[in-house]
Amino acid sequence: MIRSRALTGFAAIAVAVLGVVSTTQPATAGEAGTQPVISGTSTVAYNCVEEPYPGGDTTFDVTFSAPLAVRVGSKVTLRAAVRATVTIPIDVPANGVDGSVEALLSGSQSGVVTATGLTNTAIVPAGELMTLTGGTATVTPTARGVLRFTPGVLESTNWLGQHLVCTPTATPATAIFVLVG
């Protein structure tokens, strides 16, 4: 009980210090009740290449969401969404893009997980900004402390079979911090 209160207190302090807003979301499968979820967005400068065309620079807003506080050894679902910052030149059919984005782990542990399943759930008309949602990855924290999630490589394949690979051109800002106890 004391440990749980300490973790909750630590979580509240971290939210206040980091200035990140937490909300209550339904728990993921295998977890009881509701728990605070933290979401954060990092605007990432990318160089994107779609063979055989030359690469080009652009930015995307990458948003990660996960429980604010978790226990070592628990399975944590990381959710991802990606929003273009430049309008698209053609109409894109619903579910016309399938994508993934890496989450670089740092802090209490290091590594990389890939959130897969990103797609546009509705038609995106030409001249609009595209948002891909529905990306998920599972992380199992191995050490106590603060676990950071930073966007990495973004990949997508469209309904025409074109494959786009976007690599950060500079170190992106961390999107979220999760407290591991």
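Rules used throughout
Residues numbered from 1 in each chain as written. Predicted model: local features only at pLDDT ≥ 70, side-chain atom pairs only at ≥ 80, totals over all residues. Heavy atoms only, no water. Helix = DSSP H or I, 4+ residues; strand = E, 2+ residues; numbered from the N terminus. Buried < 20%, exposed > 50% of the residue type's maximum accessible area, 1.4 Å probe, protein only. Contact = heavy atoms within 4.5 Å. Areas by Shrake-Rupley, 256 points an atom, 1.4 Å probe, with all protein chains shown as cover. Phe/Tyr/Trp six-rings, centres within 6.5 Å; stacked < 30°, edge-to-face > 60°. pLDDT = per-residue confidence, 0-100. Disulfide = S-S within 2.5 Å. Polar contact = N/O pair within 3.5 Å; in protein donor to acceptor, adjacent residues only side chain to side chain. Core = buried A, V, L, I, M, F, W, Y, C linked by side-chain atoms within 4.5 Å.

1. Digging into the overall build of the protein
- A count of helices and strands for the protein gives one helix and eleven strands.
- The N-to-C order of helical and strand elements in the protein reads α-β-β-β-β-β-β-β-β-β-β-β.
- Sorting the 181 residues of the protein into buried and exposed places 39% on the buried side.
- Excluding contacts between residues fewer than 6 apart, the proportion of contacts in the protein whose partners are at least 24 apart in sequence is 65%.
- Element-wise, carbon and sulfur atoms account for 58% of the exposed surface of the protein, whose accessible area totals about 9300 Å².

2. Thoughts on the packing of aromatic side chains
- In total, this model carries one aromatic pair according to the counting rule given.
- Ring centres of Tyr46 and Phe60 lie 5.8 Å apart, and the angle between their planes is 65°; this geometry places the pair in the edge-to-face category. Of this pair, Tyr46 sits in strand S2 (residues 34-49) while Phe60 is found in strand S3 (residues 56-67), placing the two residues 14 residues apart along the sequence.
- Under the relative-accessibility criterion, Tyr46 is labelled buried at 0%.
- According to the relative accessible area criterion, Phe60 is buried, its value standing at 14%.

3. Thoughts on the confidence of the model for the protein
- Averaged over every residue, the pLDDT of the protein is 85; the share at 70 or more is 81%.
- In this model residues 1-33 is a low-confidence stretch, pLDDT under 50, and it forms 42 contacts with partners more than four residues away in sequence or in other chains.

4. A few points about the state of the cysteines
- Here the structure, examined in full by the defined rule, presents one disulfide.
- Paired by a disulfide, Cys48 and Cys166 hold their sulfur atoms 2.1 Å apart. Residues Cys48 and Cys166 are joined by a disulfide whose S-S torsion is about 115°; by sign, that bridge is right-handed. Residue Cys48 is located in strand S2, and its partner Cys166 is located in strand S10 (residues 163-168); the two are separated by 118 residues in the primary sequence.
- Residue Cys166 is classed as buried on the basis of its relative accessible area of 1%.

5. Some details on the environment of Gln162
- Among the secondary structure elements, Gln162 is positioned in the loop between strand S9 (145-158) and S10.
- Taking the relative accessible area as the measure of exposure, Gln162 reaches 28% and is therefore partly exposed.
- Linking Gln162 and Glu51, residues 111 residues apart in sequence, is a C-alpha distance of 8.0 Å.
- The contacts of Gln162, once residues within four sequence positions are left out, are Glu50, Tyr53, Ser156 and Thr157.
- At a separation of 2.8 Å, a polar atom in the side chain of Gln162 contacts the side chain of Asn158.

6. Examining the environment of Ile38
- With respect to the secondary-structure elements, Ile38 resides in strand S2.
- The spatial distance from the C-alpha of Ile38 to the C-alpha of Ile176 is 7.0 Å, given a sequence separation of 138 residues.

7. Observations regarding the nonpolar core
- Tyr46, Phe64, Val101 and Phe149 are the most contacted members of the largest nonpolar core, which has 37 residues in total.
- Elements with a contribution of two residues or more to this core: S2, S3, strand S5 (76-84), strand S6 (97-107), strand S7 (111-119), strand S8 (131-139), S9 and strand S11 (176-180).
- Of all the elements, S5 adds the most residues to this core, at five residues.

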